[in-house]
Amino acid sequence: SPLVMIEYSSPNTNKPLHLGHVRNNLLGFSLANIMEANGNKVIKTNIVNDRGIHICKSMLAWLKWGNGVTPESAGKKGDHLIGDFYVAFDKHYKAEIKQLVEEKHMTEEEAEKASPLMAEARAMLKKWEDGDQEVRALWKRMNSWVYAGFDETYKRLGVSFDKIYYESNTYLEGKKKVLEGLKKGLFYKKEDGSVWADLTGDGLDQKLLLRSDGTSVYMTQDIGTAELRFADYPIDKMIYVVGNEQNYH
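Attention in this report is confined to the structure presented alongside it. All of these numbers come straight from a predicted model, not from anything done at the bench. For every chain, the first residue of its written sequence is number 1, and the numbers climb from 1 along that sequence. At least 70 in pLDDT is required for a residue's local features to be given in this predicted model, at least 80 for side-chain atom pairs to be given and counted, and no such filter applies to totals for whole chains, interfaces and linings, which use all residues. Calculated side-chain values reflect all of the structure's heavy atoms, with hydrogen atoms and water omitted.

Quick look at the layout of surface pockets now. Of the pockets and cavities examined, the largest pocket occupies roughly 540 Å³. Lining of the largest pocket is provided by 27 residues; of these, Ser 10, Asn 12, Asn 49, Tyr 218 and Gln 246 occupy positions nearest its centre. Each helix is a run of DSSP H or I of at least 4 residues and each strand a run of E of at least 2, with the numbering of both proceeding from the N terminus. Broken down by element, the residue count for the lining of the largest pocket peaks at four residues, all from helix H1 (residues 19–37). Class assignment of the residues belonging to the lining of the largest pocket gives a composition of seven nonpolar, 13 polar and seven charged. Using a grid of 1 Å spacing that covers the protein atoms alone, one calls a set of points a cavity when a 1.4 Å probe fits there but cannot get out, and a pocket when the set is open and has protein on both sides within 12 Å along at least five of seven lines; lining residues are those with an atom within 4 Å of a point. Grid points are joined across faces, edges and corners, and a volume is the space filled by probe spheres set on the points. Within this model, the second largest pocket holds a volume of roughly 170 Å³. Looking at the lining of the second largest pocket, the elements that each hand over two or more residues are helix H2 (53–65), helix H6 (116–129) and helix H7 (133–157). In terms of residues, the lining of the second largest pocket owes the most to one element, H6, which gives four residues. Grouping the constituent residues of the lining of the second largest pocket by class yields six nonpolar, no polar and four charged. Residue polarity follows a fixed list, in which Ala, Val, Leu, Ile, Met, Phe, Trp, Tyr, Cys and Pro are nonpolar, Asp, Glu, Lys and Arg are charged, and the others, Gly among them, are polar.

Spelled out as C-alpha cells, the structure:
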C-alpha cells in the first residue's frame, strides 16, 4: 500500500495557533483518517517554524519590555504570552518608522532600512545562527513556553502527529542543498551575495533562497525538510495542507 505523508499545522513559535491553523489541523487530521481508511499507510507530520527573524522579534521584545515575565507569573498560556511580545515589537517598530518619516523626512522604505529595532532583530538572528549561547538559551526557554501552549491546543482539538520536524534542525540541510544548487548553476548569486532561484521560465518570479548575510529564509528550510523526509521514509506521496496564501510558495 502507498505511503503518504501529510503535513499540517506548521505553526510559528512567535504566536498562538490561529483560525487558519485550526482549519488546517482539522483538515489534515481528517484527510489522514480518510486516506488510511482507503488503504494507504499515512504519516502525519508537522514542521514547526521555531527559528527566524519573526522569532527574534518576540525574543527581543521580551528582553526589552518583558521585565522577566513568565507564563506562570502572568497566569497566561505560553504561546499567548509570546504572541503579546510579537505584537509589542510590531507596535514599537511602526512607531519608529513613523518617527523617521516625520523627523528625518525619509521614505517608508528608507525608514524600514534605517530602523534600529529591526537592525537589532537581524543582529540577534545572526547571533542565533552563529550559535551564540545566550541567544540560544533564551530561544530554548521561550520556545518551551510556546510548546506547552501548543500541546494544550492540539489535545483540545484531538489531533496528533507521528513525526514533528523543527526548522532549527532542517535549515542547515536546506543551506547545503542551496549551495550545491549554486555550484551546479541551478541558482544564481546577486552582487550583495544573496542567492536566488530564477523561476520566470515557469511563469513565477525570482525566489530568494539565502539572504546576503548568509541567513536562511523559510524556503531554504523547506528544501532541507523535504530532503530529510525522503531520507527518513520511503514516501510515495507528500501532501501539504496549507492556507491558500501559501499556494505560490
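Inspection of the secondary structure assignment puts Glu 167 in helix H8 (residues 167–183). When checking whether two residues touch, look at their non-hydrogen atoms; a contact exists if any pair is within 4.5 Å. What Glu 167 contacts, discounting residues up to four positions off in sequence, is Ile 47, Val 48, Asn 49, Asp 50, Arg 51, Val 217, Tyr 218 and Gln 221.

A few words now on the sheet that holds strand S1 (residues 3–7). Within the open sheet, the four strands sit side by side as S3-S2-S1-S7. Their pairing is parallel. If you trace the sheet from one side to the other, it starts and ends with strand S3 (163–166) and strand S7 (237–240), each paired once. On average, adjacent strands in this sheet sit at an angle of 25° to one another, irrespective of strand direction. Pairing between strands requires that DSSP locate at least two bridges from one strand to the other. Pairing between S1 and S7: four bridges, direction parallel. Bridge pairing in S7 places Glu 7 opposite Tyr 240. Axis definition: a line fit to C-alpha positions, over the contact stretch in the case of helices; interaxial angles, taken between N-to-C directions, run 0 to 180 degrees.

Bringing the sheet that holds strand S6 (residues 206–210) into the picture now. The three strands are arranged S4-S5-S6 in an open sheet whose pairing can be described as antiparallel. Looking at which strands have only one partner, the edges of the open sheet turn out to be strand S4 (188–189) and S6. Where S4 meets strand S5 (residues 195–198), two bridges bridge the pair, whose relative direction is antiparallel. Bridged to Lys 189 within S5 is Val 195. In the packing of H8 onto the sheet, contacts are made with S4, S5 and S6, and the angle to S6 comes to roughly 120°.

Here we come to the pattern of salt bridges. Within this document, salt bridges are pairs made up of a side-chain nitrogen of Lys or Arg and a carboxyl oxygen of Asp or Glu, the two lying within 4 Å of each other. In this structure the tally under the stated criterion is 16 salt bridges. Salt-bridge contacts for Asp 79 lead to Lys 77; the nearest nitrogen and oxygen are separated by 3.3 Å. Exposure remark for Lys 77: the relative accessible area of 23% places this residue in the partly exposed category. For the salt bridge of Lys 177 with Glu 180, the shortest nitrogen-to-oxygen distance reads 3.0 Å. Here Glu 180 and Lys 177 lie together in helix H8, a separation of three residues that amounts to about one turn. Accessible area is worked out with a 1.4 Å probe on protein chains only. A residue is then buried under 20% of its type maximum, exposed over 50%, and partly exposed in between.

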